[in-house]
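# Architecture at a glance
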Amino acid sequence: MIINHVSVGCSDVKAAILFYDAVLSELSIKQSHYIENTSAAYGDNFEFWVGSPYQGKATASNGVHVAFNAPSKEAVDAFYSTAIELGGTCEGAPGFRPDYGETYYAAFVRDLDGNKIEAVSM
């Protein structure tokens, strides 16, 4: 693995952590680190961080997204439903993406700050 971790910024750390705790739990991904009122990390060896960016100004980047492995199609569906229920926005409802592979099943959402995330089961 060439990547150590990925981070996305958020404007409200507490709201972002509640969102990611719920959404990522649908994929069996648990919070692994927490820095009071600053950030949280998910995963073990390769980590996904969400937190207050340098100087506190969070912006989402066009064309960038983070994809999380899901254990099943049902987990992708639950990830998507939970994200939408918690205020995320749809960027691609759950379904097969044959352009990416015959068994590629995924859903895309934007988090509370507009960061694009994906759950994929293959």
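The structure contained in this document is the topic of the report that follows. Not measured: the values here are computed from a predicted model. (Residues numbered from 1 in each chain as written. Predicted model: local features only at pLDDT ≥ 70, side-chain atom pairs only at ≥ 80, totals over all residues. Heavy atoms only, no water.)

### Digging into unusual backbone geometry
Among all residues except glycine, the phi angle is most often negative; among peptide bonds, the trans geometry is most common. As a reminder, the rule being used: Numbering goes from the N terminus for both helices and strands, where a helix is a DSSP run of H or I of at least four residues and a strand is a run of E of at least two. Note on exposure labels: buried denotes an accessible area under 20% of the residue type's maximum, exposed denotes more than 50%, and partly exposed covers the range between, all computed with a 1.4 Å probe on protein chains only.
Although it is not a glycine, Ser28 adopts a positive phi angle of roughly 65 degrees. With respect to the helices, strands and loops of the structure, Ser28 is situated in the loop between α1 (13-25) and β2 (31-35). The exposure class assigned to Ser28 is exposed, which follows from its relative accessible area of 56%. Despite not being glycine, Asn37 has its phi angle at roughly 55 degrees, a positive value. In this structure, Asn37 sits in the loop between β2 and β3 (39-42).

### A look at the packing of α1 against helix α2 (residues 73-85)
Here is the rule: To obtain an axis, a line is fitted to C-alpha atoms, over the contacting stretch when the element is a helix, and the angle between two such axes runs from 0 to 180 degrees between their N-to-C directions. Just so you know how the angles are binned, under 35 degrees is roughly parallel, over 145 roughly antiparallel, 65 to 115 roughly perpendicular, and the rest oblique. Should the near helix be turned anticlockwise from the far one by less than a right angle, the crossing is left-handed, and should it be turned clockwise, the crossing is right-handed. By definition, residues are in contact when any of their heavy atoms lie within 4.5 Å.
As a packed pair, α1 and α2 sit with axes 8 Å apart at the nearest point and diverge in direction by 160 degrees. In terms of axis orientation, α1 runs roughly antiparallel to α2. In the crossing of α1 with α2, the sense of the turn from one axis to the other is right-handed. In this structure, α1 contributes Phe19, Ala22 and Val23 to the contact, and α2 contributes Phe79, Thr82 and Ala83.

### Comments concerning the environment of Asp77
Take Asp77: it is sitting in helix α2. Placed 17 residues apart in sequence, Asp77 and Pro94 show a C-alpha to C-alpha distance of 6.0 Å. What Asp77 contacts, discounting residues up to four positions off in sequence, is Pro94 and Tyr105.

### Overview of the side chain of Ser121
Inspection of the secondary structure assignment puts Ser121 in strand β8 (residues 116-121). In this view, Ser121 contacts Ala70, Pro71, Ser72, Lys73, Val76, Thr103, Tyr104 and Tyr105; residues no more than four positions away in its chain are not counted.

### A few points about the pattern of salt bridges
Put simply, the rule reads: Between Lys or Arg on one side and Asp or Glu on the other, a salt bridge is scored when a side-chain nitrogen of the former is within 4 Å of a carboxyl oxygen of the latter.
For the structure shown, the criterion picks out 1 salt bridge. Measuring nitrogen to oxygen at the nearest pair gives 3.3 Å for the salt bridge that ties Glu91 to Arg110. Highlighted residues: Glu91 in strand β6 (residues 89-96) and Arg110 in strand β7 (residues 105-110), separated in sequence by 19 residues. On the basis of relative accessibility, which here comes to 36%, the residue Glu91 falls in the partly exposed class.

So far we have only geometry, and geometry alone does not tell us how the molecule works.
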